[in-house]
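# Chain and residue survey
Next come the chains, spelled out residue by residue.
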Amino acid sequence: MTKIDIKSSLEAIQKIAKINAGKDLKYSILTMGCQLNENDSEKLCGMMEEMNYTKTDVLKEADLIVFNTCCVRENAEDKLFGKLGEVKKYKEEKGTIIAIGGCMMQEKHIVEKLKQSYPFFDIVFGPHTTKQFPIDLYEIICHRKRIEDILDIDGEIIEGLPIKRDDTIKASVAIMNGCNNFCSYCIVPYVRGRERSREPKDIIEEVRELAKQGYKEIMLLGQNVNSYLRVEKEKHTPFEEYEGVNSFATLLRAVNQIEGIKRIRFISPHPKDFTDDVIEAIRDCDKVCKSIHLPLQSGSSNILKVMNRKYTKEQYLELVEKMKQSIPNLTLSTDIIVGFPGETEKDFEDTLDVVQKVNYEQVYMFIYSRRVGTPGDKMENQIPEETKHKRFDKLKELVENQIAEKNKQYVGSIQEILIEGKSKTNETMLTGRTDSNKVVVLEGSNDLVGQVVSLKIVSEHMWYLKGEIVNG
Ligand code: SAH
Ligand code: SF4
Ligand code: F3S
């Protein structure tokens, strides 16, 4: 795979660092999207810290405000416009530099709207131009002329940008970018470009470095992780095998070997690509959590077909059965959309049926949101808002009942918990997660942070469990 030269980006970082030295400048970043966006934000933070900006969460204090936007659903847009209204006054008062990046900037109608209604921004950049950010910022600092730096390209893999992670125990590592699936409701393939994987060596070395820095949990990220390297193989794009890694299954096995790492998770796999070698790797690798996110989207074969998901209700249930058989103590979570165009009561019942049968650990539920440019938006049989909301509430009720029931079953059990740090809501408590990704709070000393400890679960609450350390 050809690597993109980032020399000019690193030079711009150095030039800005010199200009900013000793000035005590601050930046704020607002990340509005998925974990891939958060990972991009960590790179933006890495660059800004090297440019001698320090982070603040108080927008008013910031000299530079960066928005990393999402456009997967409409509410992500509302959030951006709301915040832009707020930062306008800081711009007027103290000349704060406003940069807007992320997926939404790939949508032409949005950039037009920004120019018309929020013309005070300084830089607009997209997910393909993250590496341009310091170059654009340098131009702004020197010349103050608004820059639009959006590329309408398939996307490239960029290695070597600085990164500043928020967490010290858990780290996410992007293994691929883009998506080729074109589910008919989804905007991601249009804004993130074509699917492309990172070289095995770059991923393995990044995880090794993270282990050295003391990270314990790795989240492998991509829009379709279980097709890692598939496009490259199909297109005969040369890549270098490294430590036997030439697929997602072999990548899991290689990361599992890395000393110091205690847990490995990944999102999101696609059910259509869940091959046996991946199931076997999950089963065999002791560090790979037996908790898998398996997006369903709909339980109706008819709707799945129109969604272009390439599996039926029955195939999904068979896959779940096969996984449950092969992987002891497997837990599952999922994503579901209600109210996709043409969804009948019967279709919705099928979704409830799958939820009933699979008994998920966690369900992320979304009301269908029309996205400009997707096939779903052009469909005529859109579902009335009221029906969508009614179905959403019904699904939510089922899911919450299932979770409450499951929580009860946790009480009295012994769970292995990776301790992540102090509880955010109660400073005197520690917090961690089970293999199945449930939050557990406990009393204990700070030196447990980063360790996996055995806990007895003593009580349950809707969104967390309480545990006590098992002695001996
Ligand atoms: N690549 C991942 C996730 C992509 S976006 C996957 O395939 O699973 C995360 C979730 O947002 C999706 O799983 C889907 O449930 C939801 N989503 C995507 N587009 C949506 C839309 N137009 N309306 C409502 N929910 C949507
Ligand atoms: Fe969107 Fe489907 Fe790609 Fe996921 S797999 S990002 S839902 S198009
Ligand atoms: Fe949103 Fe882009 Fe992620 S659209 S969900 S931030 S890939």
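A quick note: this is a predicted structure, and the numbers were derived from the prediction, not measured.

Our next topic: helix H7 (residues 200-212). The first and last C-alpha atoms of H7 sit 18 Å apart over 13 residues, in line with the 18 Å expected at 1.5 Å per residue. Regarding H7, the residues found buried are Pro200, Asp202, Ile203, Ile204, Glu206, Val207, Leu210 and Ala211. For H7, the secondary structure elements touched by its buried residues are strand S7 (170-174), strand S10 (217-221) and helix H9 (248-256). Phi turns positive one or two residues past the end of H7, at Gly214, with a value near 105°.

Contacts to ligand 1 come from 15 residues, most closely from Arg73, Gln223, Gln297, Asp335 and Ser369. Arg73 places a polar side-chain atom, nitrogen or oxygen, 2.8 Å from an oxygen atom of ligand 1. Contact with the protein chains removes 90% of the 540 Å² of surface that ligand 1 exposes when unbound. Secondary-structure elements contributing two or more residues to the shell around ligand 1 are strand S13 (331-338) and strand S14 (362-367). A breakdown of the residues in the shell around ligand 1 according to their chemical character gives 7 nonpolar, 4 polar and 4 charged.

A few words now on the sheet that holds strand S1 (residues 25-31). The pairing of strands in a sheet comes from backbone hydrogen bonds and takes either a parallel or an antiparallel form. Strand order in the open sheet made by the 6 strands is S2-S1-S3-S4-S5-S6, with parallel pairing throughout. Whereas interior strands pair on both sides, the edge strands pair on one side only; in this sheet they are strand S2 (53-55) and strand S6 (147-149). Here the strands of the sheet are splayed against their neighbours by 20° on average, with no regard to which way each runs. Inspection of the sheet shows S1 paired to strand S3 (residues 64-69) by 5 bridges, in the parallel sense. Within S3, the position partnered with Leu30 by the bridge is Phe67. Running at roughly 175° to S1, helix H2 (residues 35-50) makes contact with S1, S2, S3 and strand S5 (123-125) of the sheet.

Our focus in this paragraph is the packing of helix H10 (residues 276-284) against helix H12 (residues 313-326). Relative orientation of the contacting elements H10 and H12 amounts to 35°, with a least axis distance of 10 Å. Note on packing geometry: the crossing formed by H10 with H12 is right-handed. Here H10 contributes Asp276, Ile279 and Arg283 to the contact with H12, which in turn contributes Leu319, Lys322, Met323 and Ser326.

At a minimum axis separation of 8 Å, helix H1 (residues 7-20) and helix H5 (residues 133-143) run at an interaxial angle of 40°. With respect to H5, the element H1 is oriented oblique. H5 is crossed by H1, and the crossing has left-handed handedness. For the pair H1 and H5, the contacting residues are Ser8, Ser9, Ala12, Ile13, Lys15, Ile16 and Ile19 in the first and Pro134, Ile135, Leu137, Tyr138 and Ile141 in the second.

So, how was this worked out
Residues numbered from 1 in each chain as written. Chains lettered and ligands numbered in written order. Predicted model: local features only at pLDDT ≥ 70, side-chain atom pairs only at ≥ 80, totals over all residues. Heavy atoms only, no water. Helix = DSSP H or I, 4+ residues; strand = E, 2+ residues; numbered from the N terminus. Expected span 1.5 Å × (residues − 1). Buried < 20%, exposed > 50% of the residue type's maximum accessible area, 1.4 Å probe, protein only. Contact = heavy atoms within 4.5 Å. Near = heavy atom within 4 Å. Polar contact = N/O pair within 3.5 Å; in protein donor to acceptor, adjacent residues only side chain to side chain. Areas by Shrake-Rupley, 256 points an atom, 1.4 Å probe, with all protein chains shown as cover. Nonpolar A, V, L, I, M, F, W, Y, C, P; charged D, E, K, R; others polar. Pairing = 2+ DSSP bridges. Axes fitted to C-alpha atoms, helices over the stretch in contact; angles between N-to-C directions. Left-handed = near helix turned anticlockwise from the far one by under 90°. Parallel < 35°, antiparallel > 145°, perpendicular 65-115°, else oblique.

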